[in-house]
Amino acid sequence: MTTTTLAVLVPLLPFLAAAGGLLLGRTAPGFVRPLAVVPTLATLGLTVLVAVRQGGGPAIDAATRLTPTGSVPIDLALHLDGFAVLTAVLVALVACCVQIYSTAYLRDDPRYPSYAALVSLFTSAMLLVVYSGDLMVLLVGWEVMGICSYFLVGHYWETPEARAASLKAFLVTKLGDVPFLIGLFALAADAGTFRITGVLDAVAQGRLDHPTVVALLLLAGVAGKSAQFPLHTWLPDAMAGPTPVSALIHAATMVAAGVYVVARLLPVFAASAAALLVLAVLAAITMVGSGIAALAQDDIKRVLAYSTIGQLGYMTGALAVGDRGAALFHLLAHGAFKALLFLGAGVVIHAAGTNSLAAMSRMRGLSRRIPDAYWTMTIALLALAALPPFAGFFSKEAVLVAAEHTALGEPSAAGGQIPVGAGWIVLVSGLLTALLTAAYATRLWLLAFRGDGAEAPDPHQAAHPGRAEKTPARQPLAMTAVLWVLALPSLAFGLAAPFLPDWFDGHRLTPTLTTAVLSTGVALVGALVTYATWRHTTALAARTPLGAVAAHPEAEPAVSEAEAIASHTPAYGDIAAASDPADPGRLLLGPLHRPAAAGFHLDAVYSALFVRPVRAAASLVAFLDREVVESYVRGAGAGSRLLGWTVRRAQTGNVQTYLSVLLAGSTVLAVAAVVLAHVNAGS
């Protein structure tokens, strides 16, 4: 079987699994779990085989004309280079872990069949984006992911948080998709083709008439899909969906799609220095702002959500300095440890019965209840903090080294003139973000696993009182096994990737002494300062009991999570923050804590600038429709009724009356005719 045939099967298998799951979900529920897991495992095997065959060598291209358009043709095309095949392996690996994890996490959920089918469809759409060699086919996968995210984020549709989050995610990403679509058409019009290879050839030949306009239009869609400032506000709220969905969206699909598209089309952006400078500024604002916001969040998943936004900022920063190898390296490393963090957070929420870090900080022994989640999340948090030798250290160093080279005026592999200012912006903001990342990673670990107070609840102990207290039951194997699978690349991928230069544009992604010392130093400072602050505030925790624990002894993990999300606002008055004086983040941020917890009130700003004017305009249109347009409609109806009433009154049934009226009318007409004749004769 050829490599091209194998590549066609990669997005096709999860698509068929999604179709089968939707068709058989009600009639044959016993097939739902095998249909969710087995095709995804097969897809993972196929992506690995395609990656081995491609081997980091020349790109493999295959295409067939999809339909004649009369102008710019649309091809069903594949483009398999080192970036594409490695990204596909990541997507399939994370999707496989999510499907296996979900079999236990949502084991009794009545909507599991549709959930599993949507996850498979989501996976198929992302794989289509990764392998696609045609922009219109890529757009199909891009939009399918958007509608899948709407349904998956709103899985707990009984809760208002999930309903609002799914609608917000859909609308904000669609807001970015409109200019993105315009940019794709403008790009194809200049290049004369939707084929990505043809577009890049047109860029190399200087045939793009408006590269800045096209790049900025595409950047709007990327900002929405990859949750970059100013269209990032949907991602923290999307935590109202099930934890496995969060892992899938944040690690391997959707948010990674925007970065991946920019990487594929990087020469288009490199043709415009202004577009790269805008990209660098947005990356810097995103990195630093999300790092500060993460330090103020109380919901463990919202901390990770803002962390994802910041790490995506690193990737877009690498692209702004023209190094797509560094961007994709960080995308792969981040995908592994961020999926691990989210899936581990699901175990933590189930064990603690709450998503509140303030409540977890008052629980003793949570790490002993869930040792697998404790150790694997520790590995992932060390990778997130970018401490050696974990994967995050090497991938983040690749970004900083690329920024350093640009800041020093060295040429970029992407070609074009990369602004030196973009290099300095990314380098300085990247180092500051390294400090913030280590700080909020340390805070999360301390509050979640080093709490002091009452013993952490053990649902299994409550369900089985005879069980010895010193041997707490483990979480389901399907949930814990995938944590260790993801822990391996979180630990070792960074060590292996520098020895695979052929997969990353042919240059080694090795750290340099200067950036390694600087970034590791600031990360250690962030971690140590946070630890010292936590030691200072632990005395307050004993005097300020907090917690919204909603654990049920025999509840499945998804039920515990849904109740934890629903109980956070009633307990603390806010879905994101908690008034906890023992929180080290509160002391570290000072007056910034309140606005940071609210995402710097960007939602309120957007509401004032866009939502309220649109609603006011809608109200005006409704008023005009009701009072003006409907008045004419009602007037026409009233006139018809009046005419009918008049005619009806004339129909008496009396023949003499009819003859009298006829005679009178004839007389009037005769007189009028005589008068008119005299008038005409006189004139």
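Above this note sits the structure.
Let me sum up the structure you'll find in this document. The structure displayed is predicted, hence computed values, not measured ones. (Residues numbered from 1 in each chain as written. Predicted model: local features only at pLDDT ≥ 70, side-chain atom pairs only at ≥ 80, totals over all residues. Heavy atoms only, no water.)

1. Considerations on the overall build of the protein
Argument step 1. Summing up its helical and strand segments, the protein has 28 helices and four strands in all.
Argument step 2. With the C-alpha coordinates aligned to their principal axes, the bounding extent of the protein is approximately 115 × 70 × 55 Å.
Argument step 3. Looking at the protein as a whole, 56% of its 683 residues are labelled buried.
Argument step 4. In the protein, the share of contacts with a sequence separation of at least 24, taken over all contacts with a separation of at least 6, comes to 81%. (Helix = DSSP H or I, 4+ residues; strand = E, 2+ residues; numbered from the N terminus. Buried < 20%, exposed > 50% of the residue type's maximum accessible area, 1.4 Å probe, protein only. Contact = heavy atoms within 4.5 Å.)

2. As for the packing of aromatic side chains
Argument step 1. Scanning the model with the defined rule gives 13 aromatic pairs in all.
Argument step 2. Ring centres 4.4 Å apart and planes at 5° place the aromatic pair Trp-142 and Phe-180 in the stacked group. Of this pair, Trp-142 sits in helix 5 (residues 135–153) while Phe-180 is found in helix 6 (residues 160–191), placing the two residues 38 residues apart along the sequence. Comparing Trp-142 with Phe-180 shows no difference in burial state: the two are buried.
Argument step 3. Joined through ring pairs, the aromatic side chains of Tyr-374, Trp-375, Trp-445 and Phe-449 make up one cluster.
Argument step 4. The aromatic ring of Tyr-112 is capped on one face by Arg-33, whose charged end is 4.3 Å from the ring centroid. (Phe/Tyr/Trp six-rings, centres within 6.5 Å; stacked < 30°, edge-to-face > 60°. Lys NZ or Arg CZ within 6 Å of the ring centre and 35° of its normal.)

3. Regarding unusual backbone geometry
Among all residues except glycine, the phi angle is most often negative; among peptide bonds, the trans geometry is most common.
Argument step 1. Omega for the peptide link from Phe-229 to Pro-230 comes to 10°, which places this bond in the cis form.
Argument step 2. Here Pro-230 lies in the loop between helix 8 (211–225) and helix 9 (234–237).
Argument step 3. Between Pro-388 and Pro-389 the backbone carries a cis peptide bond, its omega angle lying at 5°.
Argument step 4. Within the secondary structure layout, Pro-389 lies in the loop between helix 18 (371–384) and helix 19 (391–407).
Argument step 5. Even without a glycine there, the phi angle at Ala-227 is positive, about 55°.
Argument step 6. Its location among the elements puts Ala-227 in the loop between helix 8 and helix 9.
Argument step 7. Of note in this structure, His-601 is not a glycine but carries a positive phi near 60°.

4. Considering helix 10 (residues 243–251)
Argument step 1. Here helix 10 lies mainly inside the structure; nine of its nine residues are buried.
Argument step 2. Among all positions in helix 10, only Thr-243, Pro-244, Val-245, Ser-246, Ala-247, Leu-248, Ile-249, His-250 and Ala-251 are buried.

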